[in-house]
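What follows is each chain in one-letter form.
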Amino acid sequence: MATEDIDDPEPAEDGREHKVLAVLDKAIAAQSPLVRKNIARARQRNPEATPAEVLRTLERMYVSALTGTGAAVGGAAAAPGVGTGVALALSAGEALSSLELSALFALSVAEVHGVSIDEIERRRTIVMGVMLGGSGSATITKVAERTGQHWGRQVVAKVPVETLRQINKILGKNFVTKYGTKQGIIVLGRVAPFGIGAVIGGGANAALATLTVRAGRRAFGPPPTSWPEPTHII
């Protein structure tokens, strides 16, 4: 995937930027306490699974869940008697669900790799960096002035919080611009008639989930060969 331009995009309207980032923070706050339970769920069938096996399970769970929410909303929006206003409202709710699923996935991947994330700034960096893919990775390594293939381990756990704030300021502007545009296209697709919305919604979400999975692999690199400490299966 080609690396996208990492320069600051054109400034978004302050109100819109604040609103989108507030929703992102809400998603991160809601999902952060669920990370270990999410990993435990991925290990339920095989408590002896290696980190690599658990990561593959987390990826499948994420892609399946995100695809399902997109298809469900698309199908509901195309149902007889559902007006455009209701369909758009359904899609807005699904957008928050998508953010929550993506936040949970990114933070779970970090946890499996042994990257403990306590500060909100580090959580923001992980989630936005993974969701933005190549441009997120380029921004993080440029601002942090560090080189390395796997920024998730080498940068997020080591750089000062003040540097992370600078990184997140740029990531936030890119996130508002790029995520807002992508979601706008998907929302319009979901309200298409005759069941087409279900196909578009599910397919678009599956594509976004696949890109996020790939970005997570690039961010953290090869999985650990063993667990850092015994994990209690909830």
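Residues numbered from 1 in each chain as written. Predicted model: local features only at pLDDT ≥ 70, side-chain atom pairs only at ≥ 80, totals over all residues. Heavy atoms only, no water.

## A word on the overall build of the protein chain
Piece 1. Across its full length, the protein chain carries 9 helices and 0 strands.
Piece 2. Listing each helix as α and each strand as β along the protein chain from the N terminus yields α-α-α-α-α-α-α-α-α.
Piece 3. Looking at the protein chain as a whole, 44% of its 234 residues qualify as buried.
Piece 4. By sequence separation, contacts in the protein chain at least 24 residues apart represent 79% of the contacts at least 6 residues apart.
Piece 5. For the protein chain, the exposed surface amounts to about 11700 Å²; the carbon and sulfur share of it is 58%. (Helix = DSSP H or I, 4+ residues; strand = E, 2+ residues; numbered from the N terminus. Buried < 20%, exposed > 50% of the residue type's maximum accessible area, 1.4 Å probe, protein only. Contact = heavy atoms within 4.5 Å. Areas by Shrake-Rupley, 256 points an atom, 1.4 Å probe, with all protein chains shown as cover.)

## Some thoughts on the confidence of the model for the protein chain
Piece 1. When pLDDT is averaged across the protein chain, the result is 74; 65% of the residues are at 70 or more.
Piece 2. Per-element averaging of pLDDT across the protein chain places helix H4 (residues 84–112) at the bottom with 69 and helix H2 (residues 35–42) at the top with 93.
Piece 3. Low pLDDT, under 50, characterises residues 1–13; the predicted model gives this stretch 23 contacts beyond four residues in sequence or across chains. (pLDDT = per-residue confidence, 0-100.)

## Overview of the nonpolar core
Across soluble globular proteins, nonpolar side chains show a tendency to be buried alongside one another.
Piece 1. Ranked by size, the top nonpolar core spans 47 residues in total, and within it Val54, Ile126, Val127, Trp151 and Phe175 carry the most contacts.
Piece 2. Those elements that provide at least two residues to this core are helix H1 (14–31), H2, helix H3 (51–77), H4, helix H5 (120–132), helix H8 (161–190) and helix H9 (196–220).
Piece 3. The biggest single contributor to this core is H4, with 9 residues. (Core = buried A, V, L, I, M, F, W, Y, C linked by side-chain atoms within 4.5 Å.)

## Some points on the side chain of Glu121
Piece 1. Checked against the element boundaries, Glu121 lands in helix H5.
Piece 2. What Glu121 contacts, discounting residues up to four positions off in sequence, is Val161, Leu164, Arg165 and Asn168.

## Focus on the environment of Ala40
Piece 1. Looking at the secondary structure, you find Ala40 in helix H2.
Piece 2. In this structure Ala40 comes out as buried when scored by relative accessible area, which is 1%.

## Description of helix H6 (residues 134–143)
Piece 1. Residues Gly134, Ser135, Gly136, Ala138, Thr139 and Ile140 constitute the buried set of H6.
Piece 2. Downstream of H6 by a residue or two, Glu145 has a phi angle that is positive, lying close to 55 degrees.

## Brief notes about the environment of Arg43
Piece 1. Secondary-structure assignment places Arg43 in the loop between H2 and H3.
Piece 2. Sequence separation between Arg43 and Val54 is 11 residues; the distance between their C-alpha atoms is 6.4 Å.
Piece 3. Within the local environment of Arg43, its side chain forms a polar contact with the backbone oxygen of Pro47, the two atoms lying 2.6 Å apart. (Polar contact = N/O pair within 3.5 Å; in protein donor to acceptor, adjacent residues only side chain to side chain.)

## Observations regarding the pattern of salt bridges
Piece 1. Under the criterion given, the structure shown has 8 salt bridges.
Piece 2. Put simply, Arg217 and Glu59 hold a salt bridge, and the shortest N to O gap is 2.7 Å. One end of the pair, Arg217, is in helix H9; the other, Glu59, is in helix H3, with 158 residues separating them in the sequence.
Piece 3. On the accessibility criterion, Glu59 (8% relative accessible area) is buried.
Piece 4. Glu119 is the partner of Arg122 in a salt bridge, and the nearest nitrogen-oxygen pair spans 2.8 Å. (Salt bridge = Lys/Arg side-chain N within 4 Å of Asp/Glu carboxyl O.)

## Examining the packing of H5 against H6
Piece 1. Look at H5 against H6: their axes get within 5 Å of each other, and the N-to-C directions meet at 130 degrees. Between H5 and H6, the crossing angle belongs to the class labelled oblique. Of H6, the residues touching H5 (which contributes Thr125, Gly129 and Leu132) are Gly134, Ser135, Gly136, Ser137 and Ile140.
Piece 2. Taken together, the residues of the contact of H5 with H6 break down into 2 nonpolar, 6 polar and no charged. (Axes fitted to C-alpha atoms, helices over the stretch in contact; angles between N-to-C directions. Parallel < 35°, antiparallel > 145°, perpendicular 65-115°, else oblique. Nonpolar A, V, L, I, M, F, W, Y, C, P; charged D, E, K, R; others polar.)

## Some thoughts on H5
Piece 1. For H5, spanning 13 residues, the distance from its first C-alpha to its last is 18 Å, which sits close to the expected 18 Å at 1.5 Å a residue.
Piece 2. In terms of burial, H5 is largely enclosed, as 10 of its 13 residues are buried.
Piece 3. Phi turns positive one or two residues past the end of H5, at Gly133, with a value near 65 degrees. (Expected span 1.5 Å × (residues − 1).)

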